[in-house]
Each structure stands twice: as structure tokens, then as C-alpha cells.
2 protein chains.
Amino acid sequence: MQRIPDAAIRRLPAYLRWLTECQEERVTSVILGQATGYSSEQVRKDLAYFGAFGTRGVGYDVLALREEIYRILRLDRGVRAMVVGAGHLGTALVRYVAQGHQDVQIMALLDSNPEIIGVQVGSLRVESVERLEDIVRELGIGIAVLAVPKEAAVPVADRLAECGVRAILNFAPVAVCTRYPEVFVQPIDLTLELQALSYFVGQRERHSL
Amino acid sequence: MQRIPDAAIRRLPAYLRWLTECQEERVTSVILGQATGYSSEQVRKDLAYFGAFGTRGVGYDVLALREEIYRILRLDRGVRAMVVGAGHLGTALVRYVAQGHQDVQIMALLDSNPEIIGVQVGSLRVESVERLEDIVRELGIGIAVLAVPKEAAVPVADRLAECGVRAILNFAPVAVCTRYPEVFVQPIDLTLELQALSYFVGQRERHSL
């Protein structure tokens, strides 16, 4: 199997969600694209990376495609995540993800503030960030969500990488790259997202003139 | 000026943040790339879209580049945003963005729950979603952040588009496309992000075997 580009991997969960809710036996790339916001060409290209080829005019087998994406993303094994930083954003993330699917479970919530440690957030009790390495090993955490202040992001990411976490979702407003090239860091910076949208506000105004 | 690809636009705020904090007079694409997590080729290509060309071995003028990106993103005019949905995520977003830069200001927070309407969140009082159209017009809102439940996302997005909002940051776990092609919708789905990271947990394990 050839290496699947990161951008294609990031689109697979959207296809998977739609396929899971779909009632049909077969789906075309046109329909799957419309439902997920991508072009049919993009859908066909993404799925072809792992050998899923639809039949012209008939499309893809929904059940088979769903199982294949599930397997590619390794969701069949279940993935354990934890959130570091139990401020407004960290606690909101824990509550938000707990409402959703159970493929990815948030198993722990950590903070450094003694006043927050021990507080109950949904089904989790906030634990001390001093126990980070122990918790990662005890619970077999593969993914960490960074919701810490800017200053703490890089040192915490290095500790996570060092004790075996392999993927980080970084909400801290700073670029994080660990000393470990095998660790994948996905940034989500809300301020930067809003700044980028500012451009589109302008664009669409100009187009409509 | 040629049309700048959406993906390049989404990288500009990261460059801008680094340039704003930078103390140097000049910066090379190599340094800017390392600091923001992109390749130097990517940096040069992105900046060339709007006519910013560095000088080999000398780089870009930091101040000029900063002002140019600021202008491209229309941040010099200031952009007004609002958040629809004052649950855990919506309120966390309001508090989070309020801490940061002031180029993009969140001017209003709306909800449909009578028990939440009127509650104070940071400097904002939660208003009724029934007033959505009035608030967009009164405050000149260009960007909306959707933090509503799945079922509400599409109808709210249509209302936003209809009254002139031109960019939507969608946190609801559903694909949103409005009936208005001029409205740009950027999805951020935390569950899907975590599912995609599951793949990378697996990848890196395989590489290290």
C-alpha cells in the first residue's frame, strides 16, 4: 500500500461519518462528495489510495467502504486520548467529545493548577500534570490534546513525545514541534482560523460588487 | 493579483503571528518555515501569490511582509464575529478568543435556551437566537462561529448566510453547506480530528518497528 497523504487521511473521517449514517447499499463519489463538501474527483482520488475503486454508475459498496476506512484509521482497535489543560477550552473539549462517538475515548484530563486538580469534569477527575508520564503508560494513551497556555505547550509536548504519545492535537496558540520527528502534531488555532476567515469576508464582498 | 488558494490563505495567519513577534529586520523563508512548521518552499510559494519575493540569502523585510499579510487578510479593517451556541464549547471559545489578539472581535453570543439567555459570559451577555438577523445587521457581523447541536447547524447557517454573514467556522459535527455559494464554511470537527490522529498513532508505531 502506498503512503496516503496527510490531507487525504484528514478527509477520511468525514467520509466515514457519512457512510455510517447512510441507509443505502451503494454510494457514488458524487453523492459522497456532495455530502461531505469535497469534489467527486477528490473522493475518488482519496479512496483509490487504499485500493477502493467504485464501479462507474454504480459507485462503492457502503458497508465494505465503511469497514475499510475504519481499519485504515485503526479505529477498530480503539484509541485512547487525554486532554492536558483543564481550563475553559480543555473542559469543553472533554464534555464535547464525550457526547460523540466512542472510537476515540478521552481517558484523562490533566492540569497544573492545585485548585483545579481533583475537580470532577463529566466522568473524569482532573489529575496533576506531574503524573503525565505515569498516566500515559498506565492507560496506554496514544493521542494527547494540548489545551494549555502558550508557554507550557512546547515543554508539555516534549514530555508527551518522550513517554510514547504519537499524535498531538495542539490548541495552544503557538507552533509546536517536538524533538521527536515520529510524533505527528496537528495544530488547531482558533485565532488563526478567524483571521483566515477575515480574508473570505473580503473576497465574497468583492465578488458580489 | 491572482486568486490565492484557500490552503495558502489558511497559512498566512501563522506567518503573520510569527512576524509580529519577530525582533529581526529580515527573515528568510527557511527560518519562517521552521518557526511555523512549513517547508521553506511552501513559504516562498505562498508569499509569491501576493507578490512578496525574498532576496536570496537576505530574505524578506519583516515589517513590509507583516503589513502586506495584514492587508491581504483585511485585518487592517477589523472583523466582527459572533458565536451561535452558548454551551460549553461556545462559551469556551468566547473566553479563549477574548484573551488573544483584537483583529477579530467576538461581538455577540447567542443561544436558543431561555435559561441561558441573559447569562453573562466574559464581557458578553447571551442574547436570543431569535434576534440573529437584527444583531448581524446592527453590529456588522462578517463571521459567525457555529457551536450549536448538529440538528440546528444547517438552518442556523442558512439564516446567517441570508442576512449577510460571509464566513462560518463550523464546530457542529455535521457538514454544512448553505444555499449561498458566496459563503465560505470552514469546518472544525474535533471528533473527526481525533479519528484522523488515530491513523498517525498507528503509522508511527509501524515505522518504529
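In this convention, every chain numbers its residues from 1, walking through the sequence in written order. To read the labels, note that chains go from A and ligands from 1, taken in the order they are written. pLDDT decides what is reported in this predicted model: residues at 70 or higher carry local features, side-chain atom pairs at 80 or more are listed and counted, and totals for whole chains, interfaces and linings draw on all residues regardless.

1. A look at the overall build of chain A
- Only DSSP runs of H or I reaching four residues or more are called helices, and only runs of E reaching two or more are called strands; each is numbered from the N terminus. When you go through chain A residue by residue, the secondary structure sums to eight helices and ten strands.
- Summarising its shape, the C-alpha atoms of chain A cover approximately 60 × 50 × 35 Å along the three principal directions.
- To assign burial, the other C-beta atoms lying within 10 Å of each residue's own C-beta are counted, with C-beta atoms placed from the backbone; 20 or more indicates buried, 12 or fewer indicates exposed, and intermediate counts indicate partly exposed. Out of the 209 residues in chain A, the part that is buried amounts to 42%.
- Partitioning the intrachain contacts of chain A with sequence separation of at least 6 by distance along the chain shows that 53% fall at a separation of at least 24. Residue pairs qualify as contacts under a 7 Å threshold applied to their C-beta atoms, which are placed from the backbone.

2. A short note on the sheet that holds strand β9 (residues 167–170) of chain B
Residues and elements named next belong to chain B.
- Paired strands, in this sense, are two strands between which DSSP finds at least two bridges. Reading across the sheet, the six strands line up as β7-β4-β3-β8-β9-β10 and stay open at both edges, with parallel pairing between neighbours. In this open sheet, the two strands that pair with only one neighbour each are β7 (127–128) and β10 (184–187).
- Note on definitions: angles span 0 to 180 degrees between N-to-C directions of axes, and those axes are lines fitted to C-alpha atoms, for helices only across the stretch in contact. Running over the sheet, helix α6 (residues 132–139) touches β3 (79–84), β4 (104–111) and β7 and is turned about 160 degrees from β4.

3. What about the domain arrangement of chain A?
- Each domain of chain A was delimited in the assignment, giving domain 1 (6–75) and domain 2 (81–192).
- By convention here, the domain bounds are inherited from an automatic or database domain assignment. For domain 1 of chain A versus domain 2 of chain A, the separation of C-alpha centres amounts to 30 Å.

4. Some thoughts on the relation of the copies chain A and chain B
- Here the copies are matched by least squares. The fit uses the C-alpha atoms of residues with pLDDT of at least 70 in both. Mapping chain A onto chain B is achieved by rotating through 180 degrees and translating by 0.0 Å along the same axis, at an RMSD of 0.0 Å. Here the symmetry operator amounts to a two-fold rotation axis.
- Here 98% of the contact residues of chain A are again contact residues in chain B; the copies associate through an equivalent surface.

5. Considerations on the environment of E25 of chain A
- Inspection of the secondary structure puts E25 of chain A in the loop between α1 (6–21) and β1 (26–27).
- As for E25 of chain A and A64 of chain A, which are separated by 39 residues in sequence, their C-alpha atoms are 9.7 Å apart.

6. As for the nonpolar core
- In terms of nonpolar packing, the biggest core is built from 140 residues, with L146 of chain A together with L146 of chain B touching the most fellow members.
- Those residues in contact with L146 of chain B, other than ones at most four positions away along the chain, are V84, G85, A153, V156, A157, I168, L169, N170, F171, A172 and V176 of chain B. Think of a nonpolar core as buried Ala, Val, Leu, Ile, Met, Phe, Trp, Tyr and Cys residues, each tied to the set through C-beta atoms within 7 Å.

7. Things to note about the sheet that holds strand β7 (residues 127–128) of chain A
All names here are of chain A.
- Strand order in the open sheet made by the six strands is β7-β4-β3-β8-β9-β10, with parallel pairing throughout. Strands at the two margins of the open sheet, each flanked by one partner only, are β7 and β10 (184–187).
- As paired strands, strand β3 (residues 79–84) and strand β8 (residues 143–146) are joined by four bridges and run parallel to one another. By the bridge assignment, M82 is partnered in β8 with A144.
- The strands that helix α6 (residues 132–139) touches are β3, β4 (104–111) and β7; relative to β4, the one it contacts most, it runs at about 160 degrees.
- In the packing of helix α7 (residues 150–162) onto the sheet, the strands contacted are β3, β8 and β9 (167–170), and the crossing angle to β8 comes to about 170 degrees.

8. Description of helix α3 (residues 40–48) of chain A
All names here are of chain A.
- Buried within α3 we find V43, D46 and L47. Viewed end-on, α3 has its buried residues packed into an arc of 90 degrees, placing them on one side of the element.
- Of the surrounding elements, those touching the buried residues of α3 are α1 and α2 (29–36). Picture the helix axis, draw a direction to every C-beta atom, and the arc is the one those directions span.

9. A look at the interface of chain A and chain B
- Across the contact, 56 residues belong to chain A and 56 residues belong to chain B.
- Every element with two or more residues in the side of chain A that touches chain B is listed here: α1, α2, β3, α5 (88–99), β9, β10 and α8 (190–208) of chain A.
- By residue number, the principal contributor to the side of chain A that touches chain B is α8 of chain A, which donates 17 residues.
- When residues are sorted by character, Ala, Val, Leu, Ile, Met, Phe, Trp, Tyr, Cys and Pro go into the nonpolar class, Asp, Glu, Lys and Arg into the charged class, and all the rest, Gly among them, into the polar class. Considered class by class, the residues forming the side of chain A that touches chain B number 32 nonpolar, 14 polar and ten charged.

10. Looking at the confidence of the model for chain A
- Known as pLDDT, the predictor's per-residue confidence is scaled from 0 to 100. Per-residue pLDDT for chain A averages 89, and the proportion of residues at 70 or more is 95%.
- Element-level mean pLDDT values for chain A span from 76 in α8 of chain A up to 98 in β7 of chain A.

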